[in-house]
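Summary of structural features
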Amino acid sequence: MDAQDCQAAATLEPPGPPAHGCVAAWWDMVDRNLRSFPHSCSTLGRKIAALYDSFTSKSLKEHVFPPLIDMLIYFNFFKAPFLVDLKKPELKIPHTVNFYLRVEPGVMLGIWHTVPSCREEDAKGKDRCWYEAALRDGNPIVVYLHGSAQHRAASHRLKLVKVLSDGGFHVLSVDYRGFGDSMGKPTEEGLTTDAIRVYEWTKARSGITPVCLWGHSLGTGVATNAAKVLEEKGCPVDAIVLEAPFTNMWVASINYPLLKIYRNVPGFLRTFMDAMRKDKIVFPNDENVKFLSSPLLILHGEDDRTVPLEYGKKLYEIAHNAYRNKERVKMVIFPPGFQHNLLCKSPTLLITVST
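Here goes a summary of the coordinates provided. Given the structure is predicted, the values throughout are model-derived calculations rather than measurements.

Summarising the element assignment, Arg119 is placed in the loop between strand 2 (107-114) and helix 4 (120-123). Of the residues examined, Arg119 reaches a relative accessible area of 18% and is grouped as buried. Each residue touching Arg119, except ones within four places of it in the same chain, is listed here: Trp130, Ala134, Asp137 and Asn139.

Structure follows, in C-alpha cells:
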C-alpha cells in the first residue's frame, strides 16, 4: 500500500473519541424527540379538537351576532373627530384640563374638567390640582355621560359643555372604557362601574356642592344604572338629567333606523334579542327609575328620529307613577329643530336645567 492508499484508508477509519461523543449526543437528542413526538402530536390534536368543538358547538349567528351587537350599541370604534389630541383640551375648549382616573385594575378613563366660564381668568395657567380643588367652589357639577360613538371632543358635546359652563356649571366629560383614549372594552356592567366611580370620586372632592349625572342617549342607560346602584348603597344621586332617553335598549335597538330594514327578515328579531341577552345588554331605564328618589329631569326633542319622543314620554310616565314625591319628576319637550344631538342649541335649555 503506497502513501496515497494509506492516506485514503485513514480517512475511512472510525472517528476518534471526541467526534464519537458528539455523534452519540446528537443521536440521543433525535431519539428523545422521536419518542416525545407521539405525545406532542396527541397534545396538539387535543387542543385542535377542543377549539373545533368550541367553534362548532355554536352556530354561525352566535359567532357573528355578539360582536355585531357590541359594534351597533357602542360604536366606540368610530373615534371621531380624528387627529384630536385628547391630552390637550385647551385646543378645543378653554378653561379645561385633561386627567385620567383609574376605576379598576387595567381601566383608566380619560376625562375633561371644564370649570364655569366665570372662573376662566382664575383658571389660566393652573394645573390639575387647582381644577380639582375648584370643585368645592359652590358651583354645581355635571358628570356628563355621552351617547354611543365618538369621544369627549365631539362637536355637539363640546357645544353642550360650553352652554353649561357659561351657565355656571363645572362639567366632567367622561369617556367610558373603550371610548376615546380610555382603556378597556365597553360592556354594560363596565360602563356602569365607570359612571359610579367618577361620581364617587367627584362627590369626595365637592364638599356640599351638588353633583348631577347627565346622560345623553346611551348615556341615559348608564346614568340610571349607576343611580340605582348608588341608591341601593344609601347614597342617592343629587340630581339626574336624562337627555333623549329610551325605555330600555332592547326596544330602542329594534327601532334603531339602521336595523329597521332587517325587522322583517325571518328569525332576525329573535336572533338579535338572544345576542343582546347573551351579552347582557339591557340598560333598563324603565325599571331603574322605579327605584330612584333623586330629582329627575327628562329632556327630549319633538323631532328626535334616533330615539323617538314616545320613549321619553313613556319613561316619564313610569317614573312619575313610581316616585312618591311626584314633584321630583319633570319632563321638558323641545320644539322641532334640535333633533337628537342638538338640544344644546335651544335658548331655553340653560333656564330649564337651572330651575
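Time to look at the pattern of salt bridges. What the rule picks out here adds up to 15 salt bridges. Note that Glu104 and Arg177 form a salt bridge whose closest N and O atoms lie 2.9 Å from each other. Within this pair, whereas Glu104 is found in strand 1 (residues 96-104), its partner Arg177 is found in the loop between strand 4 (170-174) and helix 7 (188-206), the two being separated by 73 residues in sequence. For Glu104, a relative accessible area of 29% puts it in the partly exposed group.

For the rest of this paragraph, the subject is helix 7. A turn of α-helix holds 3.6 residues, and therefore any two residues three or four places apart point the same way. The terminal C-alpha atoms of helix 7, which comprises 19 residues, lie 27 Å apart, in line with the 27 Å expected from a rise of 1.5 Å per residue. Count one or two residues on from helix 7 and you reach Gly207, which has phi positive near 65°.

Here we take up helix 6 (residues 155-166). The first and last C-alpha atoms of helix 6 sit 16 Å apart over 12 residues, in line with the 16 Å expected at 1.5 Å per residue. If you check which residues of helix 6 are buried, you get His156, Arg157, Leu158, Leu160, Val161, Leu164 and Ser165. The inward-facing, buried residues of helix 6 abut strand 2, strand 3 (141-145), strand 4, strand 5 (211-216), strand 6 (239-243) and helix 14 (349-354).

Examined bridge by bridge, strand 7 (residues 296-301) and strand 8 (residues 329-334) share 6 bridges and lie parallel to one another. Bridging from a neighbouring strand, Leu297 pairs with Lys330 of strand 8. A crossover connection joins strand 7 to the parallel strand 8 through helix 13 (residues 309-322); in handedness this β-α-β unit is right-handed.

We now examine a nonpolar patch on the surface. A surface patch of nonpolar side chains, amounting to about 580 Å² of accessible area, comprises Met71, Phe77, Phe78, Phe82 and Leu83. If you trace the backbone, Phe77 turns up in the loop between helix 3 (60-74) and strand 1. A relative accessible area of 48% means that Phe77 is categorised as partly exposed.

With that settled, the discussion passes to the packing of helix 7 against helix 8 (residues 218-232). Packed helices, taken two at a time, are described by the angle between their axes plus the distance between the axes. Two numbers describe how helix 7 lies on helix 8: the axes approach to 9 Å, and their chain directions differ by 65°. In this structure, helix 7 meets helix 8 at a crossing whose hand is right-handed. Together, Glu188, Leu191, Thr192, Ala195, Ile196, Tyr199 and Glu200 of helix 7 and Leu218, Val222, Asn225, Ala226, Val229 and Leu230 of helix 8 make up the contact between the two elements.

Let us look at the side chain of Asp194. Its location among the elements puts Asp194 in helix 7. Not counting residues within four places of it along the chain, the set of residues in contact with Asp194 comprises Val103, Val107, Leu109, Tyr176 and Arg177.

Moving on: unusual backbone geometry. Following Ala80, the chain continues into Pro81 via a peptide bond in cis, with omega recorded as -5°. Mapped onto the fold, Pro81 is located in the loop between helix 3 and strand 1. In this structure, Phe75 takes a positive phi of about 50° despite not being glycine. Note on placement: Phe75 falls in the loop between helix 3 and strand 1. Given the relative accessible area of 26%, Phe75 is considered partly exposed.

In spatial order, the strands read 1-2-4-3-5-6-7-8; together these 8 strands make up an open sheet with mixed pairing. This sheet does not close on itself; its edge strands, each paired only once, are strand 1 and strand 8. Along the sheet, successive strands turn relative to each other by an average axial angle of 20°, direction set aside. Bridge count for strand 2 against strand 4 is 4 bridges, and the pairing is antiparallel. By the bridge assignment for strand 4, His113 is matched with Leu172. Strand contacts of helix 7: strand 1, strand 2, strand 3, strand 4 and strand 5, with the helix running at about 120° to strand 1, the strand carrying the most contacts. Sitting on the sheet, helix 8 is in contact with strand 3, strand 5 and strand 6, with an inclination near 140° to strand 5.

Next up on the list: the nonpolar core. In terms of nonpolar packing, the biggest core is built from 58 residues, with Met249 and Leu296 touching the most fellow members. Sequence-distant contacts of Met249, that is, excluding residues within four places in its chain, are made with Ile73, Leu218, Met276, Ile281, Val282 and Phe283. Counting residues in each nonpolar core, the second largest holds 23 residues, with Ile93, Trp112, Leu164 and Leu343 among its members.

Our focus in this paragraph is the packing of aromatic side chains. Within this structure, the stated rule accounts for 6 aromatic pairs. Summarising the aromatic geometry, the rings of Phe75 and Phe78 are spaced 6.2 Å apart at their centres and angled 65° between planes, so their arrangement reads as edge-to-face. Judged by centre distance (5.8 Å) and plane angle (85°), the rings of Phe78 and Phe82 are edge-to-face. When its relative accessible area of 55% is taken as the criterion, Phe82 is described as exposed. An aromatic cluster of three or more residues is present, and its members are Phe75, Phe77, Phe78 and Phe82. Here the guanidinium or amino end of Arg277 rests over the ring plane of Trp250, the centre of that ring lying 4.9 Å away.

The rules behind each value
- As a convention, each chain's residues are numbered from 1 in the sequence order in which they are written.
- Local features in a predicted model are, by the rule used here, given only for residues with pLDDT of at least 70; side-chain atom pairs are given and counted only at 80 or more, and totals for whole chains, interfaces and linings are based on all residues.
- Heavy atoms throughout the structure, all of them, feed into the side-chain values; hydrogens and water do not.
- Secondary structure elements are defined from DSSP: runs of H or I of at least 4 residues count as helices, runs of E of at least 2 residues count as strands, and each element is numbered from the N terminus.
- A simple rule labels every residue: compare its accessible area, found with a 1.4 Å probe on the protein chains alone, to the largest value its type can have, and call it buried under 20%, exposed over 50%, or partly exposed in between.
- Contacts are assigned to residue pairs with any non-hydrogen atoms lying within 4.5 Å of each other.
- Salt bridges are defined by distance alone: a side-chain nitrogen of Lys or Arg within 4 Å of a carboxyl oxygen of Asp or Glu.
- The span you would expect from a helix comes to 1.5 Å times its residue count less one.
- DSSP-based pairing: two strands are paired if at least 2 bridges between them are found.
- Handedness of a crossover is defined as follows: orient the strands so they point away from the viewer, and if the path from the first strand over the helix to the second runs clockwise, the crossover is right-handed.
- Candidate patch residues must exceed 30% relative accessible area and have no salt bridge, after which like charges are joined if within 9 Å and Val, Leu, Ile, Met, Phe, Trp or Tyr side chains if within 5 Å.
- Exposure was quantified through the Shrake-Rupley algorithm and a 1.4 Å probe, taking into account, for residues, occlusion by the shown protein chains and nothing else.
- With axes taken as lines fitted to C-alpha atoms, and helix axes fitted only over the stretch in contact, angles between N-to-C directions fall between 0 and 180 degrees.
- Helix crossings fall into two classes, left-handed where the near helix is turned counterclockwise from the far one by less than a right angle and right-handed where it is turned clockwise.
- Working definition of a nonpolar core: buried Ala, Val, Leu, Ile, Met, Phe, Trp, Tyr and Cys residues. They are joined through side-chain atoms within 4.5 Å.
- Planes of paired rings set the category: under 30 degrees apart is stacked, over 60 is edge-to-face and the rest tilted, where pairs are Phe, Tyr or Trp rings (Trp by its six-membered ring) whose centres lie within 6.5 Å.
- We call a charge positioned above a ring when the Lys NZ or Arg CZ atom is no farther than 6 Å from the ring centre and deviates by at most 35 degrees from the ring normal.

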